[in-house]
Amino acid sequence: MTRLSAFLCAMCASAVALFAFTNYAEAQCDPRAFLVQEMKDIRATGETELAFVLTASQEEFDQAKKSGALSGSYGLISGSGSYAEAKEKAVRIAQATKFDYRSSYATSYFSQTYSARAIAAYESCLNHKSAGLPIWLRSREGDFLTFEAFWVGRNLDDANANYDAPPLVKGGTLVSKPEKWTQGKTEQIVIERTGNGDVFLQLKVGGETNSKVIVRDPPQVVWDTQPVTSDTVMKTCSHGPNPGCSAGQVGDCIHPKHPGGYFVQKTRSVTQFSSSDPGRYSEQYDQDTPAKVCVKITQSTGACEVTQCAQGRLTANETFPRAAE
């Protein structure tokens, strides 16, 4: 392992790779806290939703749920499940989609989520009069990463500063940077990422040093669809004496079988069906939701002395995520 690789691993293991603070004032501005506060502002995807739930505290999860935060395709926040159930489901989805569910990666990936209001709140929190070199990710457009930073020297009488060393970039190409730095003025640095890998940026300006790591994107996810068919064959017959006989009734329920899977609307049915009197057969779906489908089948008869029977299996189409090949 190279020295740089070792350093990158150490940065990820710290679980604060995106925001390594250089002074006390910067450390008081927790970007994750601002993101959680502005969850409704986040354009949720399955990946950001997954990263959040994998690393959220009970308090953060409850806050996001209470705020009506937009939920991604997995329904981890908007669903009816508890904090513990959402966590357990998130781990299973991460395993199925090959999402790196270590807290270090998931924390960093979620912290890279773009929210205009959260970034504005973070920037307002930063102390522009305390010595340091805060750096944060401002936006992502394709492979172009726009960072913002400002420099404050230890001698406040120094109005300007130069680079102590050229910016160090690994995993990408430096596109633009400020030529000089003015005390407390926010500047932009743009990097074009090379492929899907971690990007490392280090700045040394006027005696201050700071660095940032932007972690790679998770594997692409594709959605498959397969039928879920109950293991139980429902069987029922009309029964009772003549007169006074009654219809027979039996029910069954099915659930999605894959992590993150859900039933496609209006795909439920009773298959392998047979009835000795189809005209007096009926189905009633007591529950028909993405998370559960339940049915009751009823078979009656036109003459009590003649027993009529029906049988079948409950089925529905499930769509579920998996990592692309």
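Residues numbered from 1 in each chain as written. Predicted model: local features only at pLDDT ≥ 70, side-chain atom pairs only at ≥ 80, totals over all residues. Heavy atoms only, no water.

*Asks:* Describe the overall build of the protein chain, listing the residues and the values that go with them.
*Replies:* Assigned secondary structure in the protein chain consists of 8 helices and 17 strands. The C-alpha radius of gyration computed for the protein chain amounts to 29 Å, which surpasses the reference 20 Å derived for 325 residues by more than 25%, pointing to a less compact arrangement than a globule. C-alpha atoms of the protein chain, sized along the principal axes, occupy 105 × 35 × 25 Å. Taken over 325 residues, the protein chain has a buried fraction of 42%. For the protein chain, contacts bridging at least 24 residues in sequence account for 67% of all contacts bridging at least 6. Accessible area for the protein chain stands at about 16200 Å²; split by element, carbon and sulfur atoms hold 49% of it. In the protein chain, 33 side chains carry a positive charge and 35 a negative one; their mean positions are 2 Å apart. (Helix = DSSP H or I, 4+ residues; strand = E, 2+ residues; numbered from the N terminus. Rg over C-alpha atoms; globule rule 2.2 N^0.38 Å. Buried < 20%, exposed > 50% of the residue type's maximum accessible area, 1.4 Å probe, protein only. Contact = heavy atoms within 4.5 Å. Areas by Shrake-Rupley, 256 points an atom, 1.4 Å probe, with all protein chains shown as cover. Lys, Arg positive; Asp, Glu negative; His and termini not counted. Charge placed at Lys NZ, Arg CZ, Asp CG, Glu CD.)

*Asks:* Can you lay out the sheet that holds strand E15 (residues 281-289) for me, pointing to particular residues and giving the numbers?
*Replies:* Pairing is antiparallel in the open sheet, where 3 strands are placed in the order E12-E16-E15. Lying at the two open borders of the sheet, with one neighbouring strand each, are strand E12 (248-254) and E15. Mean inter-strand twist for the sheet, computed between neighbouring axes without regard to direction, equals 15 degrees. Across 7 bridges, the pairing between E12 and strand E16 (residues 292-299) is antiparallel. In the sheet register, Gly251 faces E16, and the bridge partner there is Lys296. (Pairing = 2+ DSSP bridges. Axes fitted to C-alpha atoms, helices over the stretch in contact; angles between N-to-C directions.)

*Asks:* An account of the side chain of Glu60 is needed here, citing residue identities and associated values.
*Replies:* Note that Glu60 resides in helix H5 (residues 58-66). Once residues lying within four places of it in the same chain are set aside, the contact partners of Glu60 are Arg32, Val36, Phe52 and Thr55.

*Asks:* So what's going on with the state of the cysteines? Which residues, and what values?
*Replies:* Applying the stated criterion to the full structure yields 4 disulfides. Residue pairing for Cys237: its cysteine sulfur links by disulfide to Cys309, the two sulfurs lying 1.9 Å apart. Its S-S torsion of about 110 degrees marks the bond between Cys237 and Cys309 as right-handed, since a negative value means left-handed. With a gap of 72 residues between them, Cys237 in strand E11 (residues 234-237) and Cys309 in strand E17 (residues 309-323) connect regions that are remote in the sequence. With a relative accessible area of 32%, Cys237 lands in the partly exposed category. Residue class for Cys309 comes out partly exposed when judged on its relative accessible area of 28%. Residue pairing for Cys245: its cysteine sulfur links by disulfide to Cys304, the two sulfurs lying 2.0 Å apart. Because the sign of the S-S torsion sets the handedness, a value of about -75 degrees for the bond joining Cys245 and Cys304 places this disulfide among the left-handed ones. Residue Cys245 is located in the loop between E11 and E12, and its partner Cys304 is located in the loop between E16 and E17; the two are separated by 59 residues in the primary sequence. (Disulfide = S-S within 2.5 Å.)

*Asks:* Talk me through the packing of aromatic side chains; I want residue IDs and the actual numbers.
*Replies:* If you walk through the whole model with that rule in mind, you get 11 aromatic pairs. Seen in terms of ring centroids, Phe99 and Tyr109 are 6.1 Å apart; in terms of plane orientation they differ by 85 degrees. Their pairing is edge-to-face. A residue pair is termed long-range when its members are at least 10 positions apart, and Phe99 in the loop between helix H6 (83-97) and helix H7 (103-111) and Tyr109 in helix H7 qualify at 10 residues. The buried category is assigned to Phe99, whose relative accessible area is 4%. Take Tyr109: its relative accessible area is 12%, and that puts it in the buried class. Ring geometry for Phe273 against Tyr281: centres 4.5 Å apart, planes inclined by 50 degrees, an arrangement best described as tilted. Look at Tyr281 and you get buried, because its relative accessible area is 15%. Connected via pairs of aromatic rings, a cluster forms that spans Tyr74, Trp223 and Tyr262. One cation-aromatic arrangement involves Arg268 over Tyr285; the distance from NZ or CZ to the ring centre is 3.8 Å. (Phe/Tyr/Trp six-rings, centres within 6.5 Å; stacked < 30°, edge-to-face > 60°. Lys NZ or Arg CZ within 6 Å of the ring centre and 35° of its normal.)

*Asks:* A description of the pattern of salt bridges should follow, citing residues and the corresponding values.
*Replies:* Overall, the coordinates contain 16 salt bridges when judged by the stated rule. Glu187 serves as the salt-bridge partner of Lys185, at 4.0 Å between the closest nitrogen and oxygen. Accessibility expressed as a relative area gives 46% for Lys185, which makes it partly exposed. Glu187 sits in the buried class, given a relative accessible area of 14%. Salt bridges linked by common partners bring Arg140, Asp143, Arg193 and Asp217 together as one network. (Salt bridge = Lys/Arg side-chain N within 4 Å of Asp/Glu carboxyl O.)

*Asks:* Which residues make up the nonpolar core, and what are the values?
*Replies:* Counting residues in hydrophobic clusters, the biggest one holds 36 residues, and the most contacted among them are Leu50, Phe52, Val53 and Phe99. Listing elements by their share of this core, those giving two or more residues are helix H3 (31-37), helix H4 (46-55), H5, H6, H7 and helix H8 (116-125). In terms of residues, this core owes the most to one element, H4, which gives 5 residues. Leave out the neighbours within four places in its chain, and Phe99 touches Glu47, Leu50, Ala51, Leu54, Ala94, Tyr105, Ala106, Tyr109, Pro218 and Pro219. Ranked by size, the runner-up nonpolar core spans 18 residues in total, among them Phe147, Trp151, Val169 and Val199. (Core = buried A, V, L, I, M, F, W, Y, C linked by side-chain atoms within 4.5 Å.)

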